[in-house]
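Residues per chain are reported as follows:
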Amino acid sequence: MTDQTVPALHTFHPDLTEEKIAQLVATFYGRARTDDLIGPIFNAQVKDWDHHIAQISDFWSSMLLKTGRYEGRPMRPHLMLPIRGEHFDRWLALFETTAREIFESDVAEAFIVRARRIADSFEMGIATTRGEIARPRHSA
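Overview of the structure. Chains are numbered independently. Their residues run from 1 in the order of the written sequence. With the structure being a predicted model, the display of local features is reserved for residues of pLDDT at least 70 and the display and counting of side-chain atom pairs for 80 or more, all residues being used for whole-chain, interface and lining totals. The basis for every side-chain value is the complete set of heavy atoms in the structure, and neither hydrogens nor water enter the calculation.

1. Points about the nonpolar core
For soluble globular proteins, the rule of thumb is that nonpolar side chains tend to be buried together.
And step 1. With 39 residues, the main nonpolar core has Tyr29, Trp60, Phe103 and Phe111 as its most contacted residues.
And step 2. Only DSSP runs of H or I with at least four residues qualify as helices, and only runs of E with at least two residues qualify as strands; both kinds are numbered from the N terminus onward. Residue assignment for this core shows that the elements contributing at least two residues are helix H1 (18-34), helix H2 (39-45), helix H3 (49-64), helix H5 (85-102) and helix H6 (105-129).
And step 3. The biggest single contributor to this core is H6, with ten residues. Only buried residues count toward a nonpolar core, which is a set of Ala, Val, Leu, Ile, Met, Phe, Trp, Tyr and Cys residues joined through side-chain atoms within 4.5 Å. In this scheme, a residue with accessible area under 20% of its type's maximum is buried, one over 50% is exposed, and one in between is partly exposed, where area comes from a 1.4 Å probe on protein chains only.

Encoded structure:
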């Protein structure tokens, strides 16, 4: 097992701003929406993309800047989706590429470590609701 400690970031890191978080989220979802594998799932579920992008920007702002703006429960909407391991793999691949393009390496890595943990949590939660057993695949 590799040590996947979360890189420490200070809220005053010059590369970590609300604007760049919004850019990351908008760029990622622009790619995800047109992706052959995950695009159909996102497009069938999300009706108001502006609202969704703002909500996910708030989520990442809360995660990395500790703004506390996001108050949702992100697991619940994902439990009913027809998603499997290959969907999480593609989501992470697109997200990681986008994070590395937009942020300096230490900030990108902070996003990536958290995204991998979220993917594992969601994947295991979904498996549990289906009566399956899943192990962490991305953060372990």
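More follows now that the structure is in view.
2. As for H3
And step 1. An expected span of 1.5 Å times one less than the residue number is assigned to each helix. Between its first and last C-alpha atoms H3 spans 22 Å; for 16 residues at 1.5 Å apiece the expected length is 22 Å, and the two agree.
And step 2. By the burial criterion, the buried members of H3 are Trp49, His52, Ile53, Ile56, Ser57, Phe59, Trp60, Ser61, Ser62 and Leu64.
And step 3. Two residues qualify as a contact provided that any one of their heavy atoms is within 4.5 Å of a heavy atom in the partner residue. Against H1, H2, H5 and H6 lie the buried residues of H3.
And step 4. Regarding H3, its N-cap is Asp48, as a side-chain oxygen of that residue lies 3.3 Å from the backbone nitrogen of Asp50 further along.
And step 5. A positive phi of about 60 degrees marks Lys66, the residue just after H3. N or O atoms within 3.5 Å of each other form a polar contact, as long as, within protein, one can give a hydrogen and the other can take it, and as long as residues adjacent in sequence are counted only when both atoms are side-chain atoms.

3. So, the pattern of salt bridges
And step 1. Between Lys or Arg on one side and Asp or Glu on the other, a salt bridge is scored when a side-chain nitrogen of the former is within 4 Å of a carboxyl oxygen of the latter. Applying the stated criterion across every chain yields a total of eleven salt bridges.
And step 2. Salt-bridge contacts for Asp15 lead to Lys20; the nearest nitrogen and oxygen are separated by 2.4 Å.
And step 3. You can call Asp15 buried: its relative accessible area is 7%.
And step 4. The salt bridge partner of Asp35 is Arg90, with a shortest N-O separation of 2.8 Å. Linking Asp35 in the loop between H1 and H2 with Arg90 in helix H5, this pair joins segments that are 55 residues apart in sequence.
And step 5. Here Arg90 falls in the partly exposed class, since its relative accessible area comes to 31%.
And step 6. Put simply, Glu96, Arg100, Glu109 and Arg116 are held in one network by salt bridges that share partners.

4. Let's talk about the layout of surface pockets
And step 1. A cavity, in this analysis, means grid points on a 1 Å lattice covering only the protein atoms where a 1.4 Å probe fits yet has no way out; a pocket is instead an open set bounded by protein on both sides within 12 Å along at least five of seven lines, and a residue lines either one if it has an atom within 4 Å of a point. Grid points are joined across faces, edges and corners, and a volume is the space filled by probe spheres set on the points. Taken as a whole, the largest pocket spans an internal volume of roughly 750 Å³.
And step 2. Sorting the residues of the lining of the largest pocket by element identifies H1, H2, H3, helix H4 (75-79), H5 and H6 as the ones contributing at least two each.
And step 3. No other element matches the six residues that H3 contributes to the lining of the largest pocket.
And step 4. Asp, Glu, Lys and Arg are counted as charged, while Ala, Val, Leu, Ile, Met, Phe, Trp, Tyr, Cys and Pro are counted as nonpolar; the rest, among them Gly, fall into the polar class. Across the lining of the largest pocket, the residue classes break down as 21 nonpolar, six polar and two charged.

5. Things to note about unusual backbone geometry
And step 1. The phi angle at Lys66 is positive, at roughly 60 degrees, despite the residue not being glycine.
And step 2. As for its position among the elements, Lys66 is in the loop between H3 and H4.

6. Overview of H1
And step 1. With 17 residues, H1 should reach 24 Å at 1.5 Å per residue; the first-to-last C-alpha distance of 25 Å fits that figure.
And step 2. Those residues of H1 that fall on the buried side of the exposure criterion are Ile21, Leu24, Val25, Phe28, Tyr29 and Ala32. Relative to the axis of H1, the buried residues are bounded by an arc of 115 degrees and lie together on one face. The exposed set on the far side of H1, more than 90 degrees from its buried face, consists of Glu19 and Thr34.
And step 3. Considering only its buried residues, H1 is in contact with H2, H3, H5 and H6. Each C-beta atom gives one direction from the helix axis, and the arc is the one those directions make.

7. Examining the packing of H3 against H6
And step 1. As a packed pair, H3 and H6 sit with axes 11 Å apart at the nearest point and diverge in direction by 110 degrees. It follows that H3 is roughly perpendicular to H6 by the angle criterion. Handedness of the crossing formed by H3 with H6: right-handed. Here Phe59, Trp60, Met63 and Leu64 of H3 come into contact with H6, specifically with Ala110, Phe111, Arg114, Ala115 and Ile118.
And step 2. When grouped by side-chain class, the residues that make up the contact of H3 with H6 number eight nonpolar, no polar and one charged. Between N-to-C directions, angles cover 0 to 180 degrees, with each direction set by a line fitted to C-alpha atoms, over the stretch in contact for helices. When an angle is under 35 degrees it counts as roughly parallel; over 145 it counts as roughly antiparallel; between 65 and 115 it counts as roughly perpendicular; any other value is oblique. Put simply, a crossing is left-handed when the front helix is turned counterclockwise from the back one by less than a right angle, and right-handed when it is turned clockwise.

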